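Topology and contacts: notes
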Amino acid sequence: MTEAERLARHQRLAEADHRHLWHPFTQMAGWLEEDPLIVDAADGVHLVDTLGRRYLDGVSSLWCNVHGHRVPEIDAAVRAQLDRVAHSTLLGLASTASIECAEELLRHTPPGLTRVFFSDAGATAVEIAIKMAFQHHALTGHPERREFVALTGGYHGDTIGSVSVGGIDLFHRIFKPLLFEVHHAPQPYCFRCPLGKSLPSCAMACAGEVEKVLEVHAGKVAALVVEPLVQGADGMITQPPGYLKRLREACDRHGALLVCDEVATGFGRTGTMFAVEQEGVRPDIMTVAKGITGGYLPLAATVTTEEVFRSFLGPFEEKRTFFHGHTYAGNPLACAAATASMRLFTERDVLAGLPAKAAALARALEPLGDHPNVGEIRQRGLMVGVELVPDRASRAEYGYGLRVGHQVCQEARPLGAILRPLGNVVVLMPPLAMTEAELAELGGIAVEAIRRVTARLAAGGSAAAASGPAPAR
Ligand code: PLP
């Protein structure tokens, strides 16, 4: 293709995008004024656009890519599955690909989790966990256990149930009238502690708040739903060590199920296969999606203990059945990709390489350590958030309308990396397959983009930094 042909193709696609598409989590008025970056291909950890430009995939194509793109083993598994069957249902039928995938998944999940209920997105996995917990109590003689506890700042997907247990005001407030009531306890956000305290003198008072909520509603709580170790979508809010363990113990004391949402943290992202392992916690229900297929195809799973599963068993006429299912649940192509991706963890000993990679990324971001507009760098494994602030001392927030995070990500593109912000937090979530050199390059691009944007803002004066009191997220 000549340059002119390439450009003409890009322009035609851009126009069609602007004419027909409605992008998720996107203010379309702004989108329609911008020339879109159109991904056309990929190569390892790089995305390639319609103009032939290459970018490091700095957020793993929305936190799901693991081994890079076009991985020979996963490609071959999907092609082989295409030669057998692309889709068959799990409603009343079994399938080779879903059986093998469930077996492989349970080789990696914490001991004691034994049953896999497939669906197709993180949100559906959480929706299923909520309904399972609710019905489990009803079936075990505790229909009064119908309430849920979750954290402010939580994100579990965009269906009504998962939004109900979510706690990000910016995303969720508008839908409040549609949601069921959930008791929200303050999140463990040490940089902006909602309780106005600090570690270690606080003795993790935020965990105490969750315990209090469970006490106040004792005997009525079906489950506590949390993201383990890191609340991702609220800006990579990292939990202090011991926090999750305390929540596990509180659930045990109060007979509530613990649902750990590993959709973002699962599959090596925080340094261990699952985040719960770092706290020695076994959830009653665990949700996984995103990285399960290596970032290839939509697949999710709600994984439970035998105890939860067994409560649904009984004679047909007792109607203990879990009446829930999605058409593409356990899709064979997705399952084949997932099995191949999970096997690669063992074959390539992926987890063993992660500490050095996490350290390489941390080193690359070190120049931001004393940057006047960097409030905090939060990192667990290859999950990083850099929180930008107009003033480090006061920890004030940049106004929402400034789109500081967005500006940084736009700046990073010509430098060769795709990033996506969360409000004023610049996120780095690279594929686990990135080499230390590539991680250094990615970190370097983020540092340079942050320097340029914050310098521009500073030159624009304090009016820019003060524009609007809106929260960042
Ligand atoms: N749960 C968590 C912790 C997430 O981070 C996300 C997505 O970012 C979801 C659930 C929703 O996943 P999906 O977008 O696949 O519905």
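Before reading on, note that the structure itself is shown above.
So, here is what we can say about the structure in this document. (Residues numbered from 1 in each chain as written. Predicted model: local features only at pLDDT ≥ 70, side-chain atom pairs only at ≥ 80, totals over all residues. Heavy atoms only, no water.)

1. A closer look at the pairing of strand 12 (residues 300-305)
- Of all six residues that make up strand 12, six are buried, and the element is covered over most of its length.
- Both strand 4 (residues 113-119) and strand 12 contribute to a ladder of six bridges, which runs antiparallel. If you follow Phe118 over to strand 12, its bridge partner there is Ala301.
- The pairing of strand 11 (residues 285-288) with strand 12 spans four bridges and is antiparallel. (Buried < 20%, exposed > 50% of the residue type's maximum accessible area, 1.4 Å probe, protein only. Helix = DSSP H or I, 4+ residues; strand = E, 2+ residues; numbered from the N terminus. Pairing = 2+ DSSP bridges.)

2. So, the nonpolar core
- One finds Leu105, Phe267, Val386, Leu388 and Leu428 to be the most contacted residues of the largest nonpolar core, which totals 76 residues.
- With nine residues, the single largest contributor to this core is helix 15 (residues 436-460).
- When near neighbours in sequence (up to four residues on either side) are disregarded, Leu428 contacts Gly58, Leu361, Leu365, Leu382, Met383, Val384, Val386, Leu419, Leu442, Gly443 and Ala446.
- Grouped together as the second largest cluster of nonpolar side chains are 20 residues, Ile128, Ile130, Val182 and Phe322 included. (Core = buried A, V, L, I, M, F, W, Y, C linked by side-chain atoms within 4.5 Å. Contact = heavy atoms within 4.5 Å.)

3. Observations regarding the environment of Arg456
- Following the sequence through the fold, Arg456 ends up in helix 15.
- Residues contacting Arg456, with those up to four places away along its chain left out, are Gln407 and Glu411.

4. Some words on the sheet that holds strand 4
- As summarised here, the arrangement of the seven strands in space is 4-12-11-10-7-5-6, forming an open sheet in which the pairing is mixed. Only two strands of the sheet have a single neighbouring strand rather than two, namely strand 4 and strand 6 (182-185). Strand after strand, the sheet turns through a mean of 20° between neighbouring axes, direction not considered.
- Here strand 7 (residues 221-226) pairs with strand 10 (residues 257-261) via four bridges, running parallel. Across the sheet, the residue bridging to Val226 is Cys260, located in strand 10. (Axes fitted to C-alpha atoms, helices over the stretch in contact; angles between N-to-C directions.)

5. Thoughts on the state of the cysteines
- Scanning the model with the defined rule gives zero disulfides in all.
- Not part of a disulfide, Cys335 finds its nearest cysteine sulfur in Cys101, a span of 4.1 Å.
- When its relative accessible area of 0% is taken as the criterion, Cys335 is described as buried. (Disulfide = S-S within 2.5 Å.)

6. Examining the packing of aromatic side chains
- Applying the stated rule across the entire model yields seven aromatic pairs.
- Between the aromatic rings of Tyr155 and Phe171, the centroid separation amounts to 6.1 Å while the plane-to-plane angle is 85°, which identifies the pairing as edge-to-face. With Tyr155 in the loop between strand 5 (147-151) and helix 7 (160-164) and Phe171 in helix 8 (residues 169-172), this pair connects stretches of sequence that are 16 residues apart.
- A centroid spacing of 5.1 Å and a plane angle of 70° characterise the contact between Phe267 and Phe274, whose relative ring orientation is edge-to-face. There is no split in this pair, since Phe267 and Phe274 are both buried.
- Through a chain of ring-to-ring contacts, three or more aromatic side chains come together here, namely Phe25, Tyr155 and Phe171. (Phe/Tyr/Trp six-rings, centres within 6.5 Å; stacked < 30°, edge-to-face > 60°.)

7. Side note on the side chain of Ser119
- Position of Ser119 relative to the elements: it lies in strand 4.
- Relative accessible area serves as the criterion here: at 0%, Ser119 is assigned to the buried category.
- Side-chain polar atoms of Ser119 contact the side chain of Thr124, separated by 2.9 Å.
- Beyond its immediate chain neighbours, meaning those up to four positions away, Ser119 contacts Thr124, Ala125, Ile128, Leu299, Ala300, His326, Ala329 and Gly330. (Polar contact = N/O pair within 3.5 Å; in protein donor to acceptor, adjacent residues only side chain to side chain.)

8. A closer look at the site of the ligand
- Within the structure, the ligand sits among Trp63, Ala121, Gly122, Ala123, Tyr155, His156, Gly157, Glu227, Asp261, Val263, Ala264 and Lys290.
- Here an oxygen atom of the ligand sits 2.8 Å away from a polar atom, N or O, in the main chain of Gly122.
- Between an oxygen atom of the ligand and a side-chain N or O atom of Lys290, the distance comes to 3.2 Å.
- Bound to the protein, the ligand loses 83% of the 400 Å² it would expose on its own.
- Residue composition of the shell around the ligand, grouped by class: six nonpolar, three polar and three charged. (Near = heavy atom within 4 Å. Areas by Shrake-Rupley, 256 points an atom, 1.4 Å probe, with all protein chains shown as cover. Nonpolar A, V, L, I, M, F, W, Y, C, P; charged D, E, K, R; others polar.)

9. With respect to the sheet that holds strand 3 (residues 54-57)
- An order of 1-2-3-15 is seen for the four strands of this open sheet, with the pairing classed as mixed. Either end of the sheet is taken by a strand with one partner, and the two such strands are strand 1 (39-43) and strand 15 (417-418).
- The sheet strands contacting helix 15 are strand 2 (46-49), strand 3 and strand 15, and the helix crosses strand 3 at an angle near 100°.

10. What about the packing of helix 13 (residues 350-365) against helix 15?
- In the contact formed by helix 13 and helix 15, the axes pass within 8 Å of each other and the chain directions differ by 30°. In this view, helix 13 runs roughly parallel relative to helix 15, as classed from their interaxial angle. By crossing handedness, the relation of helix 13 to helix 15 is classed as right-handed. Contacts from Ala356, Lys357, Ala360, Leu361, Arg363, Ala364 and Leu365 of helix 13 reach helix 15 at Glu436, Leu439, Ala440, Gly443, Gly444, Ala446 and Val447.
- Partitioning the contact of helix 13 with helix 15 into residue classes produces nine nonpolar, two polar and three charged. (Parallel < 35°, antiparallel > 145°, perpendicular 65-115°, else oblique. Left-handed = near helix turned anticlockwise from the far one by under 90°.)

11. Some details on unusual backbone geometry
- Here the bond from Leu199 into Pro200 is cis, since omega is -5°, no more than 30 degrees from zero.
- Mapped onto the elements, Pro200 comes out in the loop between strand 6 and helix 9 (205-216).
- The backbone of Ser61 sits at a positive phi, close to 50°, despite the residue not being glycine.
- When you line up the elements, Ser61 lands in helix 3 (residues 60-63).
- When its relative accessible area of 31% is taken as the criterion, Ser61 is described as partly exposed.
- Residue Ala203 is not a glycine yet carries a positive backbone phi of 50°.
- Position of Ala203 among the secondary structure elements: in the loop between strand 6 and helix 9.

12. Quick notes on helix 6 (residues 122-139)
- The terminal C-alpha atoms of helix 6 lie 25 Å apart, and with 18 residues this matches the ideal 26 Å at 1.5 Å per residue to within 8%.
- Burial of helix 6 is extensive: 15 of the 18 residues sit out of reach of the surface.
- Gly141 lies just past helix 6 and shows a positive phi near 85°. (Expected span 1.5 Å × (residues − 1).)

13. Overview of the pattern of salt bridges
- For the structure on display, the rule yields 23 salt bridges.
- In this structure, the salt-bridge partner of Arg53 is Asp49, at a minimum N-O distance of 2.9 Å.
- A residue is classified by how much of its surface remains accessible, and Arg53, at 42% relative accessible area, is partly exposed.
- For Asp49, a relative accessible area of 2% gives the class buried.
- Notably, a salt bridge pairs Glu104 with Arg343, separated by 3.7 Å at the nearest N-O pair. Separated by 239 residues along the polypeptide, Glu104 in helix 5 (residues 96-108) and Arg343 in helix 12 (residues 332-347) bring together distant segments of the chain.
- Residue Arg343 is classed as partly exposed on the basis of its relative accessible area, which comes to 36%.
- Taken together, the shared-partner salt bridges connect Arg192, Glu376, Arg378 and Glu387 into one network. (Salt bridge = Lys/Arg side-chain N within 4 Å of Asp/Glu carboxyl O.)

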